[in-house]
Structure formats: C-alpha cells, structure tokens
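# Survey of secondary and tertiary structure
Each chain, written out:
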Amino acid sequence: MHKSLRIAAIAAACAVAGAGLYGAGAATAGQSTANSTHEPYNVGLLVKDIDTYYGTTADANGVYQASPDSPYAKDLARLDAGARKYIDQAARKARHRHEKPAVVFDIDDTLLLSLDYEKRYNYTYNADSWAAYVNRADRPAVFGSPELVRYAEKKGVEVFYNSGLSEAQRSAAVANLKKVGADVNLDADHVFLKDKANPPSYLSACATPGAWTCTTVQYKSGTRAHIEDDLGYEIIANFGDQYSDLDGGHADRTYKLPNPTYFVS
C-alpha cells in the first residue's frame, strides 16, 4: 500500500479525531487542507487527539491497541449496524431482480488495523518497514469488520476484497484475515491485490507489464467494474477507510470508515 502525505495529511484529516463516522460519500464537515494560509494544526496536539479517539494503549507485549470503549469503536459500531440493515434489504432486492449481490472490502484499516505501525513509526511511512509489518500477519481486526464480512456471507452476498497491498503480500494478507475471523472467499478469484508485474487486462488503460500508472481510484474502481461487468455481480456496498477506496462508481452504496492517521489520494 502506498501511503502518501502521511504527516501533512494528518492535518487534512484532523476532523476525524473526535468526529469519526462519515456518511457514504459525504464531504468531511470542516475539513481543510495544507493549502490553507493560516497556521496549520499542531502535530503534537493532533497526535494526542488521535490517541484519545482510538483510546490508544500499549498491551503487555508493547503493541499499541485501540480500546473497544473508544469513540473510534463506537463510530464503527454505528456504521456496522446501519450496514447490516442495508445489506439485508439490498441483498433481498437484488435477488428479487435476479441479480447476484456482492460487497467489496478494502483491507488495510478497513479489516486489519494498522494503529501499532502508525504509532511505532510516528505516522511516517517506509516501504521496507511497512512490508515487514504486513508480513508478520498479526494485525488485529478493525472492530466489527470480520463479523460484517461473515454477516454478508450469511445473507447470501458474495464477498470480495480490493486492496492496495501488493501481490507479494498475498499470503500474509490472507493469513492475517483468517487469524481475525474474516475467513470468507480468500482465494485469488476474490482477493484483488496490485500486481504491477502482470496487471490484469481490465486495467490496460493505465497498467501494462512493467508500466503501472493507475491511481488508487483507477485501480479500485477498475477492479469493481471488472467484478460487475465481467463477473456479473451487483456491488451493493463498498467499504473503505479512504475516499480513494470508494470513488469512481460501481457500487450502489459506499461506507467510509474513520481513519485519522494517513491519507491516500
């Protein structure tokens, strides 16, 4: 996953801390960017706000965890409750129209929480340290997300994953998802990862072998288009922690999970 603008984007995402839940496709109220001419938010104070939002504590092994009683957890619980109700209704409607309903989940900070990495590396990104962290395959679940994956499957909805992780990280991602209980459709036909060496033909407008120019939106929306147009599913819901996970269409409804720690354009 390429995580751009980490420290600068913390300020851009500061409205998340203490606010948390975002409606599907809604603009962030009061959110500003680093292009502002006034003094930026103080990073030290913002980090404290983020810690308060997550209820961040280090466990006995020194691993930073979010609290199940935190504002973050409560925001996720409200989102999950609404999503369950919608999935149940939308799945029944889709089948009534003789459609095959599907849901799509991002992975990083949608299903697997990366808070320990963010804290440990002071909200900065390094490709090597990130790869090593992912390959440990021991990230905790984002609260409620594995249960939501299993709920969708129970309702007869096909589950797909659409992640910015690389093809080389597939085994670690699958192992970690199994570990947290999101053990649904973890085969290569359902888990879509970036394969820059051999990109799929449906991304040919921006990716050919050895020449990847796809933006996050192009990659993710192109994959959703493939799920709908080529595989024949109707994506009733798309879940992600970044707006770039959700933009570009090919989903009846989008759900933006809170993430105040980084921004992916």
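Before reading on, note that the structure itself is shown above.
Predicted model, so just to flag it, every value in this text is computed and none were measured.

Turning our attention to the nonpolar core. One finds Ile87, Val103, Phe105, Tyr161 and Phe239 to be the most contacted residues of the largest nonpolar core, which totals 50 residues. Here this core takes eight residues from helix H3 (residues 71–96), the largest share from any one element. Contacts of Phe105, omitting those with residues within four sequence positions, involve Thr110, Leu111, Leu148, Val149, Val159, Phe160, Tyr161, Asn162 and Phe239. Of all hydrophobic cores here, the second largest spans 13 residues; its members include Phe160, Phe192, Ala207 and Ile235.

We now examine the pattern of salt bridges. Considering all chains together, one arrives at 11 salt bridges under this definition. Between Arg139 and Asp108 there is a salt bridge; the shortest N-O distance is 2.8 Å. With a gap of 31 residues between them, Arg139 in the loop between helix H5 (127–135) and helix H6 (145–154) and Asp108 in the loop between strand E3 (100–105) and helix H4 (115–120) connect regions that are remote in the sequence. The same class applies to Arg139 as to Asp108, namely buried. Among the salt bridges present, the one from Arg120 reaches Asp116, with a minimum N-O distance of 2.8 Å. Note that Arg120 and Asp116 are positioned in helix H4 at a spacing of four residues, about one turn of the helix. You can call Asp116 buried: its relative accessible area is 4%.

Relative to the assigned elements, Thr261 resides in the segment after strand E9 (254–256). Taking relative accessible area as the criterion, Thr261 reaches 2% and is therefore assigned buried. Within the structure, Thr261 has its side chain in polar contact with the side chain of Asn259 (distance 2.7 Å).

By the criterion of burial, E3 is predominantly enclosed, with five of the six residues buried. In terms of strand pairing, E3 meets strand E8 (residues 233–240) through six bridges, oriented parallel. The partner of Val103 across the bridge, within E8, is Ala237. Relative to strand E4 (residues 158–166), E3 is paired through four bridges, and the arrangement is parallel. Bridge pairing in E4 links Val103 to Val159.

Further remarks concern the environment of Ala66. For Ala66, the location among the structural elements is in the loop between strand E2 (64–65) and H3. Spatially, the C-alpha atom of Ala66 lies 9.4 Å from that of Pro140, the residues being 74 residues apart in sequence. With sequence-adjacent residues up to four places away left out, Ala66 is seen in contact with Tyr54, Gly55, Tyr72, Leu113, Leu115 and Phe143.

Take the state of the cysteines next. This model, assessed by the stated rule, comprises one disulfide. Disulfide partner of Cys206: Cys214, at an S-S distance of 1.9 Å. On the sign convention where negative is left-handed, the bridge of Cys206 and Cys214, at about 85° about the S-S bond, is right-handed. Each of the two residues, Cys206 as well as Cys214, counts as buried.

The rules behind each value
Residues numbered from 1 in each chain as written. Predicted model: local features only at pLDDT ≥ 70, side-chain atom pairs only at ≥ 80, totals over all residues. Heavy atoms only, no water. Core = buried A, V, L, I, M, F, W, Y, C linked by side-chain atoms within 4.5 Å. Buried < 20%, exposed > 50% of the residue type's maximum accessible area, 1.4 Å probe, protein only. Helix = DSSP H or I, 4+ residues; strand = E, 2+ residues; numbered from the N terminus. Contact = heavy atoms within 4.5 Å. Salt bridge = Lys/Arg side-chain N within 4 Å of Asp/Glu carboxyl O. Polar contact = N/O pair within 3.5 Å; in protein donor to acceptor, adjacent residues only side chain to side chain. Pairing = 2+ DSSP bridges. Disulfide = S-S within 2.5 Å.

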